[in-house]
Amino acid sequence: MDSAADTELNACVSLGALTGTDPKVLSPQVDEAMYQGLSASPCKILLSSQHGEHQELLLPDGNAGLGLTGTRCYMNLESVVPALANLLKPAGLPAFTVDRVNAYVSQPGTGSPTHFDTRTVVIVQLVGRKLWMVSKSPAISNPHRNCVADPARNWVDYDGTRLTVPDDFIFVLLKPGDWLLIRKAAWHATYSSAGSISATLAAPAEVD
């Protein structure tokens, strides 16, 4: 890892986000469990309109969404393969309860818009590389719903509260075997230039 990446990771850790590497998540056992989960889980595709607005389209069973360019989100893999959460949970991660496992398959040149979630999550990179942009502090203390930033302005109306979308993010490039913990309500966005497969391990909503 080069010095610039070291600086970014150290800054990320100092801000309360944790990151590391665990090669065991790249095992054939994980590959097989992921294949089983992906083949039997519901999927939605994350799209951007021609005006840059975020859209999510739930794909019918058996529909791969051919011709649609975006990131596919396969949901609740833990309900198909219960062992997957433990297989993917990185060594060195502090005590962390996982009750949901999603997988994200990003086509080259795609990612997710700037947003925050109601759950603290751990991202485990499995294939390819993905660039993460993470805010230095949470947008709100107790988020009750996810929120996507409006690309046309630097603030959002969150149920009557005006939240500013920051412009000072930490950038972290995840490679196969790397993991990143993102606290709930922390703004983040992603981009993969050559394509990516990653898993997201989510803690229960009431856990900080």
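Residues numbered from 1 in each chain as written. Predicted model: local features only at pLDDT ≥ 70, side-chain atom pairs only at ≥ 80, totals over all residues. Heavy atoms only, no water.

### Description of the packing of aromatic side chains
Now for step 1: Applying the stated criterion to the full structure yields 2 aromatic pairs.
Now for step 2: Judged by centre distance (5.4 Å) and plane angle (55°), the ring pair of phenylalanine 116 and tyrosine 158 falls under tilted. A residue pair is termed long-range when its members are at least 10 positions apart, and phenylalanine 116 in strand β6 (residues 110-116) and tyrosine 158 in strand β10 (residues 155-158) qualify at 42 residues. Taken individually, phenylalanine 116 and tyrosine 158 each receive the classification buried, so the pair is uniform in this respect.
Now for step 3: Between phenylalanine 116 and tryptophan 187 the ring centres are 4.8 Å apart and the planes differ by 80°, which places this aromatic pair in the edge-to-face class. Linking phenylalanine 116 in strand β6 with tryptophan 187 in strand β14 (residues 186-192), this pair joins segments that are 71 residues apart in sequence.
Now for step 4: Look at tryptophan 187 and you get buried, because its relative accessible area is 1%. (Phe/Tyr/Trp six-rings, centres within 6.5 Å; stacked < 30°, edge-to-face > 60°. Helix = DSSP H or I, 4+ residues; strand = E, 2+ residues; numbered from the N terminus. Buried < 20%, exposed > 50% of the residue type's maximum accessible area, 1.4 Å probe, protein only.)

### Side note on unusual backbone geometry
Now for step 1: You will see that asparagine 76, though not glycine, has its phi angle at about 55°, which is positive.
Now for step 2: Structurally, asparagine 76 is set in the loop between β4 (71-74) and α3 (84-88).
Now for step 3: The backbone phi angle of aspartate 159 is positive, close to 50°, even though this residue is not glycine.
Now for step 4: Mapped onto the elements, aspartate 159 comes out in the loop between β10 and β11 (161-164).

### Observations concerning the pairing of β6
Now for step 1: With 5 of its 7 residues buried, β6 lies for the most part within the structure.
Now for step 2: Sheet topology note: the β6/β14 ladder contains 4 bridges and is antiparallel. Bridging across to β14, glycine 111 finds its partner in tyrosine 191.
Now for step 3: Relative to strand β9 (residues 147-148), β6 is paired through 2 bridges, and the arrangement is antiparallel. Across the sheet, the residue bridging to histidine 115 is valine 148, located in β9. (Pairing = 2+ DSSP bridges.)

### Describing the confidence of the model for the protein chain
Now for step 1: Taken as a whole, the protein chain shows an average pLDDT of 87; of its residues, 88% reach a score of 70 or greater.
Now for step 2: The weakest mean pLDDT in the protein chain belongs to helix α1 (residues 3-14) at 46; the strongest belongs to strand β15 (residues 196-202) at 97.
Now for step 3: A low-confidence stretch, residues 1-16 stays under pLDDT 50, and its non-local contacts, those more than four residues away or across chains, total 16 contacts. (pLDDT = per-residue confidence, 0-100. Contact = heavy atoms within 4.5 Å.)

### Remarks on the layout of surface pockets
Now for step 1: Roughly 640 Å³ of internal volume is contained in the largest pocket.
Now for step 2: Forming the walls of the largest pocket are 32 residues, and the residues nearest its centre are Asn102, Tyr104, His115, Asp117 and Asn146.
Now for step 3: By residue class, the composition of the lining of the largest pocket is 13 nonpolar, 13 polar and 6 charged. (1 Å grid on protein atoms, 1.4 Å probe; cavity = no way out; pocket = protein on both sides within 12 Å on 5 of 7 lines; lining within 4 Å. Points joined across faces, edges and corners; volume = space filled by probe spheres on them. Nonpolar A, V, L, I, M, F, W, Y, C, P; charged D, E, K, R; others polar.)

### Quick notes on the sheet that holds strand β1 (residues 19-21)
Where strands meet in a sheet, backbone hydrogen bonds hold them as pairs that are either parallel or antiparallel.
Now for step 1: Ordered by their spatial adjacency, 8 strands build an open sheet running β1-β13-β7-β15-β5-β4-β2-β3, and the pairing between neighbours is antiparallel. In the strand order of this sheet, the two ends are held by β1 and β3 (54-59), each with one partner. Pairs of neighbouring strands in the sheet enclose a mean axial angle of 25°, with direction left out of account.
Now for step 2: Bridge count between strand β7 (residues 121-128) and β15: 7 bridges; the pairing is antiparallel. Directly across from glutamine 125, in β15, lies its bridge partner serine 198. (Axes fitted to C-alpha atoms, helices over the stretch in contact; angles between N-to-C directions.)

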